[in-house]
Amino acid sequence: MTTETAQRRASTAPLISARGVTVKFDVARTGKQMIALSNIDLDVMEGECVTVLGPSGCGKTTFMNVVAGLVKPTSGSVFIDGDEVSGPGPDRAVVFQDYALLPWRTVFDNVRFGLEMQKKLSDGDWRDRVQNAIDMVGLSGFESSYPRELSGGMQQRVGLARAFVAEPRILLMDEPLGAVDALTREVMRDEIGKLIAQTGKTVLFITHSIEEAILLGDRIVVFKSKPGEIKEIITTGIEGMGSERNAQNDERFHELREHLWSVLANEAAAASK
Amino acid sequence: MTSFLATGPSLGGSRVGAWLAGLSLRSRILLISAEVVVMLALWQLVVGVFRWINPVFVPAPLSIFSGLGDILSSGAVAANAPASLQAWVVGFGLALVIAIPLGLLLGVSLPVDRIVGPIAWAIYATPSVAYQPLAKAWFGFGIGPVVFLVLVSAVFPIMFNLAAGIRTTNTSIISAAKVYGASKFRLYPAIYLPSTVPFLFAGLRQGVVLATIGMMVAELSGAAVGMGALIIRSTNTYQVGQAFAAIMLVVIFTISMVQVTTLVERWVAPWTRGAGK
């Protein structure tokens, strides 16, 4: 942990840098424009895990899609290591809320999908890499299962393996545990925390769970809705990740949770008016 | 026959449902056989023994079976089935050749959908009987009109299902493919085509059934040979048992073709097999 923290502090230029990102959608039914994101500025350092917290419809997923290169901002830009994002790239991988697995592919073939599309199957060791990723997320023995034969939690493990095997610098996670049952959610949250810590990836983690935001994030970015803007950015200041944070005994955890509750409750009340 | 017994949302809830869902394949076949035997026995009693219904309108099962023996031994089936089979196979084959590329185009391209779509729906919505007189004028009295009606009946369900499959491709799967580096061109073979396969087979199953109906419509109105001609001739000479036997053969053929389609689907697309959840 200490060497990683040192590495984080050593790099001064941000890996992800959002400048004035604004996204407007035309709403065909009403003919009006909807402002999904307004003037977002955010820097994420290499090796940092930033959690994005906000009520439904605050634009946090849109923001992730802009970073992923799936949505073009109406104005403003996102830079990865200084290069402006113009579309998806092998430096970024996404874990989707609804898993987005290919139902016609087995677990093994789903995990290798990224390597296949990026034409990395000529690398001699790709089979080992795919197998390692499957082992890493705890799916050994399910290589030839189809997604429909797996539980939601297991399907998301496939989604994680598919992201890790592509060896991106940045992992974008769009409420990855949003569709998973409560118990699995806690177990997987801790596992994701460990994986992030082990691999030292830079992570943008979208969530509406306060616990996830605190337990996984080095910093928490709180979004407000109508229009989607950054309300505040909080440094958690807790070492470790997931269960390593031993959250229940940590005073800082309770302090953060209480604070975020009151912020989000106000936001939710404002959004429903 | 297994697809008739596949578990669905309504099964497994009640005690009977749970019992049915838990049966082995062998027990299920046995159950269906028993059901058929009981039905046939009742039918035989009502028509053959008690004569509550005039057997000229609905023949008893035993007279259908003797009719089946008659048309098999007299060579009537051997004389008529090949013509029907040929028309069916050629018509269905042509339907595939037309429906698959057109269905893909319809699903992929909004302009094609807007321009060709309404015309195709109009032809599809026209009852196939209405084409029969025209088909005769166009294709004469041989196999031509039968092939045409099989084609017209089968082509649209295949085409529209295929197009719907492409248009309803899961958007987050498309996003995932883009994120992991799929070019716009590669999305077609990698994402759109495989995800439309279950729709294609749903269309094929409908196409099989409608193809037979088209075939019957063409053959019943004055074809010289074919199972439809055999049915008409038998009915006109009050050989109702033989007519029903011929109908039964057509039904068995159609169900077999639906089953063949399902088997091909399981082989081509094993992921659609109803396993687990």
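Every chain is numbered on its own, with residues counted from 1 as its sequence reads. Both sets of labels track the order of writing: A upward for chains, 1 upward for ligands. Where local features are concerned, this predicted model is filtered to residues with pLDDT of at least 70; where side-chain atom pairs are given and counted, the filter is 80 or more; whole-chain, interface and lining totals use all residues. Just so you know, side-chain values use all the structure's heavy atoms and leave hydrogens and water out.

Q: I keep staring at the overall build of chain A and nothing clicks. Help me out?
A: Only runs of H or I of at least four residues qualify as helices and only runs of E of at least two qualify as strands under DSSP, and these elements are numbered from the N terminus. The secondary structure content of chain A amounts to nine helices and 10 strands. Its C-alpha atoms give chain A a radius of gyration of 19 Å, within 12% of the compact-globule value 19 Å for 273 residues. If you line up chain A on its principal axes, its C-alpha atoms span 50 × 50 × 40 Å. Expressed as a percentage of the 273 residues in chain A, the buried residues total 53%. Long-range contacts, defined as pairs at least 24 residues apart, comprise 68% of the intrachain contacts of chain A with a sequence gap of at least 6. A residue counts as positive if it is Lys or Arg and as negative if it is Asp or Glu; His and the chain ends are not included. Charged groups are reduced to one reference atom each: NZ for lysine, CZ for arginine, CG for aspartic acid, CD for glutamic acid. Looking at charge distribution, chain A has the averaged site of its 31 positive side-chain charges lying 6 Å from that of its 38 negative ones. Radius of gyration here is computed from C-alpha atoms only, and the compact-globule reference equals 2.2 Å multiplied by the residue count raised to the power 0.38. Here's how the labels work: a residue is buried when its accessible area is under 20% of the maximum for its type, exposed when over 50%, partly exposed in between, all with a 1.4 Å probe on protein chains only. Every residue pair with non-hydrogen atoms within 4.5 Å of one another is taken to be in contact.

Q: What is the right way to read the overall build of chain B from this model?
A: For chain B, the helix and strand inventory stands at 11 helices and zero strands. Each helix and strand of chain B, ordered N terminal to C terminal, gives the series α-α-α-α-α-α-α-α-α-α-α. Considering only contacts in chain B between residues 6 or more positions apart, those separated by 24 or more positions represent 69%. For chain B, the distance from the average site of its 15 positive side-chain charges to the average site of its 5 negative ones is 13 Å.

Q: Would you take a moment to explain the sheet that holds strand S4 (residues 75-80) of chain A for this structure?
A: The strands making up a sheet associate through backbone hydrogen bonding, with each pair oriented either parallel or antiparallel. All names here are of chain A. Pairing is antiparallel across the open sheet formed by four strands, whose spatial order is S2-S1-S4-S5. Either end of the sheet is taken by a strand with one partner, and the two such strands are strand S2 (32-44) and strand S5 (83-84). In this analysis, strands are considered paired if DSSP registers two or more bridges between them. Pairing analysis gives two bridges linking S4 to S5, with the strands arranged antiparallel. Residue pairing across strands places Phe79 opposite Glu84, the latter belonging to S5. Helix axes are fitted to C-alpha atoms over the stretch in contact, other axes to C-alpha atoms as well, and angles between N-to-C directions run from 0 to 180 degrees. Helix-sheet contacts for helix H2 (residues 60-68) involve strand S1 (16-27), S2 and S4, and the interaxial angle to S1 is about 115 degrees.

Q: Explanation requested: the environment of A:Ala93 in the structure shown.
A: Residues and elements named next belong to chain A. Among the secondary structure elements, Ala93 is positioned in strand S6 (residues 92-95). The exposure class of Ala93 is buried, given its relative accessible area of 0%. C-alpha of Ala93 to C-alpha of Arg162: the two residues are 69 residues apart in sequence and 8.5 Å apart in space.

Q: How should helix H5 (residues 110-125) of chain B be read in this particular structure?
A: Each turn of an α-helix holds 3.6 residues, which means side chains three or four residues apart point in the same direction. Residues and elements named next belong to chain B. Under the convention used throughout, the expected extent of a helix is 1.5 Å for every residue step, that is, one less than its residue count. For H5, built from 16 residues, the straight-helix expectation of 22 Å at 1.5 Å per residue is met to within 8% by its first-to-last C-alpha distance of 21 Å. In H5, a bend of some 40 degrees at Val116 exceeds every other bend along the element, and Pro118, a proline, comes one to four places later. Here H5 has its buried residues at Asp113, Gly117 and Ala120. Looking at the packing, one finds that the buried side of H5 touches helix H4 (76-108) and helix H7 (144-167). Here H5 starts with a cap whose side-chain oxygen sits 3.1 Å from the backbone nitrogen of Val112, and that cap is Ser109. The seven residues ending at a residue and the seven starting there each receive a fitted axis; the angle between those axes is the bend at that residue. Between N or O atoms, a polar contact is any pair within 3.5 Å; within protein, one atom must be a potential hydrogen donor and the other a potential acceptor, and residues adjacent in sequence are included only when both atoms are from side chains.

Q: Help me understand the interface of chain B and chain A in this model?
A: By a frequent convention, interface size equals the accessible area lost on bringing the separate parts together. Tallying the contact residues gives 23 residues for chain B and 26 residues for chain A. Summing both partners gives a buried area of about 2,100 Å² for chain B against chain A, and 66% of it is carried by carbon and sulfur. Between Lys or Arg on one side and Asp or Glu on the other, a salt bridge is scored when a side-chain nitrogen of the former is within 4 Å of a carboxyl oxygen of the latter. Joining chain B to chain A, the criterion identifies zero salt bridges. Linking chain B with chain A are three residue pairs in polar contact (both at pLDDT 80 or more). For the side of chain B that touches chain A, the element with the most residues is helix H8 (residues 171-179) of chain B, which contributes seven residues. Counted by class, the side of chain B that touches chain A contains 12 nonpolar, seven polar and four charged residues. Once two parts are joined, some of their accessible surface, as seen by a 1.4 Å probe, is lost; buried area is that loss totalled over both. Three classes are used, and their members are as follows: Ala, Val, Leu, Ile, Met, Phe, Trp, Tyr, Cys and Pro are nonpolar, Asp, Glu, Lys and Arg are charged, and the others, Gly among them, are polar.

Q: Explain unusual backbone geometry to me, please; I cannot follow it from the model alone.
A: Most peptide bonds take the trans form, and the phi angle of most residues other than glycine is negative. All names here are of chain A. For Asp81, which is not glycine, the phi dihedral falls at a positive 50 degrees. Mapped onto the secondary structure, Asp81 falls in the loop between S4 and S5. Despite not being glycine, Tyr99 shows a phi value in the positive range, around 70 degrees.

Q: Help me understand the pattern of salt bridges, please; the structure alone is not making it clear to me.
A: Two side chains bearing opposite charge may form a pair once their charged atoms approach each other closely. Residues and elements named next belong to chain A. Using the criterion set out here, one finds 19 salt bridges over all chains in the structure. With a shortest N-O distance of 2.6 Å, Arg219 and Glu48 are connected by a salt bridge. Here the residue Arg219 occupies a position in strand S9 (residues 219-224), and Glu48 occupies one in the loop between S2 and strand S3 (49-53), the gap between them amounting to 171 residues. Both residues of the pair, Arg219 and Glu48, count as buried. A salt bridge links Glu116 to Arg112; the shortest N-O distance between them is 3.0 Å. Residues joined by salt bridges that share partners form a network here, namely Arg105, Asp109, Arg112 and Glu116.

Q: So what exactly am I meant to see when it comes to the packing of aromatic side chains here?
A: Pairs of aromatic rings are described using the distance from one ring centre to the other and the angle between the two planes. All names here are of chain B. By convention, a stacked pair of Phe, Tyr or Trp rings (six-membered ring in the case of Trp) has centres within 6.5 Å and planes under 30 degrees apart, an edge-to-face pair has planes over 60 apart, and any other such pair is tilted. By the definition in use, this model includes 16 aromatic pairs over all chains. On the numbers, 5.6 Å between centres and 25 degrees between planes, the contact of Tyr124 with Phe156 is stacked. Of this pair, Tyr124 sits in helix H5 while Phe156 sits in helix H7, and the two are 32 residues apart along the sequence.

Q: Is there a simple way to think about the domain arrangement of chain B in this case?
A: These domain limits were set by an automatic method or by a database of domain assignments. Per the domain assignment, the segments making up chain B are domain 1 (2-53) and domain 2 (65-268). With centres defined by C-alpha atoms, the gap from domain 1 of chain B to domain 2 of chain B works out at 28 Å.

Q: Any chance you could explain the pairing of strand S8 (residues 202-207) of chain A here in plain terms?
A: The side chains of a regular strand alternate between both faces of the sheet. Residue and element names in this part refer to chain A. Taking burial as the measure, the six residues of S8 include six buried ones, the bulk of the element. Strand direction decides the pairing type here: S3 and S8, joined by five bridges, are parallel. What sits directly across from Thr51, in S8, is Phe205. Sheet topology note: the strand S7 (residues 170-174)/S8 ladder contains five bridges and is parallel. Bridged to Asp174 within S8 is Ile206. What joins S7 to S8 is helix H7 (residues 182-199), and the crossover it makes is right-handed. When the strands point away from the viewer and the connection leading from the first strand across the helix to the second strand turns clockwise, the crossover is called right-handed.

Q: Looking at this model, I keep getting lost on the side chain of A:Arg189. Mind explaining?
A: All names here are of chain A. For Arg189, the location among the structural elements is in helix H7. The exposure class assigned to Arg189 is buried, which follows from its relative accessible area of 11%. Once residues within four sequence positions are removed from consideration, Arg189 is found in contact with Leu177, Glu211, Glu212, Leu215 and Leu216.

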